[in-house]
Amino acid sequence: QKEVEQNSGPLSVPEGAIASLNCTYSDRGSQSFFWYRQYSGKSPELIMFIYSNGDKEDGRFTAQLNKASQYVSLLIRDSQPSDSATYLCAVSRSNDYKLSFGAGTTVTVRA
Amino acid sequence: DAMVIQNPRYQVTQFGKPVTLSCSQTLNHNVMYWYQQKSSQAPKLLFHYYDKDFNNEADTPDNFQSRRPNTSFCFLDIRSPGLGDAAMYLCATSGGGGDYNEQFFGPGTRLTVL
């Protein structure tokens, strides 16, 4: 079992719709959760982090964390063509400097 | 602007010819990381430094080595590149303090092995 699992996609959504991305993790000691966006041929860019159960909103992005179920999700509201990218989920344990990454979900927003 | 810089952005080398990739940061972060990322795969951690303390991942091949001469700079040396080492190499940094471990990535170096 991989430490961090994501659906590889592609997830295709029409412009203006909500894109919903899911991530599950196996280590119950995980404390910090991150979403990175990676455009093709570019490096990952941090877009959201969440440490507590519940929802965290930042602009059009909402991260949701449920530690009991060991999943974290990312919602992208009012999806734009510029949101077309691969989204990487990453987790780490408390005071652990290392991140475990999922392989990413590719999102395509249709104009 | 504070940032992570990688040079070169594109590197072409021949099979078996040593290559060095560099990373510098102006974030004054304690921790620096090197990742290898192949197409459609997750970034794979090769090693990281906390200050001068070097930490090698168990499955990182001996062909890969690293140096961190000071806080700002870190180098990745590939002693004898093989075709399987063609990948994007990502440098990242983090503050290394407390519970929060946000990592910030440089633009990456795309390595081609001929």
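How each quantity is defined
- Each chain carries its own residue numbering, running from 1 in the written order of its sequence.
- Each chain gets a letter, beginning with A, and each ligand a number, beginning with 1, in the order they are written.
- Per-residue local features are limited, in this predicted model, to residues with pLDDT of at least 70; the limit for side-chain atom pairs, both in listing and counting, is 80 or more; totals at the level of whole chains, interfaces and linings are taken over all residues.
- The side-chain quantities take in all heavy atoms of the structure and omit both hydrogens and water.
- The rule for a disulfide is simple: a pair of cysteine sulfur atoms within 2.5 Å.
- A run of H or I in DSSP becomes a helix once it reaches four residues, and a run of E becomes a strand once it reaches two; helices and strands are each numbered from the N terminus.
- When a residue's accessible area, from a 1.4 Å probe over protein chains only, is under 20% of the maximum for its type it is buried; when over 50% it is exposed; and in between it is partly exposed.
- The criterion for strand pairing is that DSSP finds at least two bridges linking the strands in question.
- For helices, the fitted axis covers only the stretch in contact; all axes are lines through C-alpha atoms, and the angles between them, taken along N-to-C directions, range from 0 to 180 degrees.
- Aromatic rings from Phe, Tyr and Trp, taking only the six-membered ring of Trp, are treated as a pair when their centres fall within 6.5 Å; an angle between ring planes under 30 degrees marks them as stacked, one over 60 as edge-to-face, and anything in between as tilted.
- Two thresholds decide whether a charge sits over a ring: the Lys NZ or Arg CZ must be within 6 Å of the ring centre and within 35 degrees of the ring normal.

Caption draft 1: Main features of the state of the cysteines. All chains considered together, the criterion is met by 2 disulfides over all chains. Two residues, A:Cys23 and A:Cys89, share a disulfide whose sulfurs are 2.1 Å apart. Because the torsion about its S-S bond is -75 degrees, the bridge between A:Cys23 and A:Cys89 counts as left-handed. One end of the pair, A:Cys23, is in strand E3 (residues 19-25); the other, A:Cys89, is in strand E9 (residues 85-93), and 66 residues separate them in sequence. On the basis of relative accessible area, A:Cys23 is assigned to the buried category, the value being 0%. Covalent S-S linkage joins B:Cys23 and B:Cys91, the inter-sulfur distance amounting to 2.0 Å. Sign of the S-S torsion, about -70 degrees for the bond between B:Cys23 and B:Cys91, identifies this disulfide as left-handed. On the criterion of sequence distance, the pair formed by B:Cys23 in strand E3 (residues 19-25) and B:Cys91 in strand E9 (residues 87-94) is long-range, its members being 68 residues apart. Of the two residues, B:Cys23 and B:Cys91, both sit in the buried class. Sulfur of B:Cys74: no disulfide; nearest cysteine sulfur belongs to B:Cys91 and is 6.0 Å away. By relative accessible area, B:Cys74 is classed as buried at 0%.

Caption draft 2: Inspection of the sheet that holds strand E1 (residues 4-7) of chain B at higher detail. All names here are of chain B. Taking strand neighbours across the sheet as the criterion, the 4 strands line up as E1-E3-E8-E7 in an open arrangement whose pairing is antiparallel. Single-partner strands in this sheet number two, and they are E1 and strand E7 (64-67). Neighbour-to-neighbour, the strand axes of the sheet open up by a mean angle of 20 degrees, direction not taken into account. With 6 bridges connecting them, E3 and strand E8 (residues 73-78) associate as antiparallel partners. Looking at E8, one finds that Cys23 is bridged to Cys74.

Caption draft 3: Structural view of the packing of aromatic side chains. The full count for this structure, using the stated rule, is 13 aromatic pairs over all chains. Here the aromatic rings of A:Phe101 and B:Phe105 are separated by 6.1 Å at their centres, their planes lie at 70 degrees, and the arrangement is edge-to-face. One end of the pair, A:Phe101, is in strand E10 (residues 100-101); the other, B:Phe105, is in strand E10 (residues 104-105), on a second chain. Accessibility expressed as a relative area gives 10% for A:Phe101, which makes it buried. Judged by centre distance (6.1 Å) and plane angle (35 degrees), the ring pair of B:Phe64 and B:Tyr89 falls under tilted. Here the residue B:Phe64 occupies a position in strand E7, and B:Tyr89 occupies one in strand E9, the gap between them amounting to 25 residues. As far as the burial class goes, B:Phe64 and B:Tyr89 line up, both buried. Put simply, the rings of A:Tyr36, A:Phe101, B:Tyr33, B:Tyr35 and B:Phe105 pair up and form one aromatic cluster. Residue placement shows A:Lys56 over the ring face of A:Phe49; its charged tip is 3.5 Å from the ring centre. Here A:Arg60 stacks its cationic end above the ring of A:Phe61, 5.7 Å away from the centre of that ring.

By themselves these figures say nothing about function.
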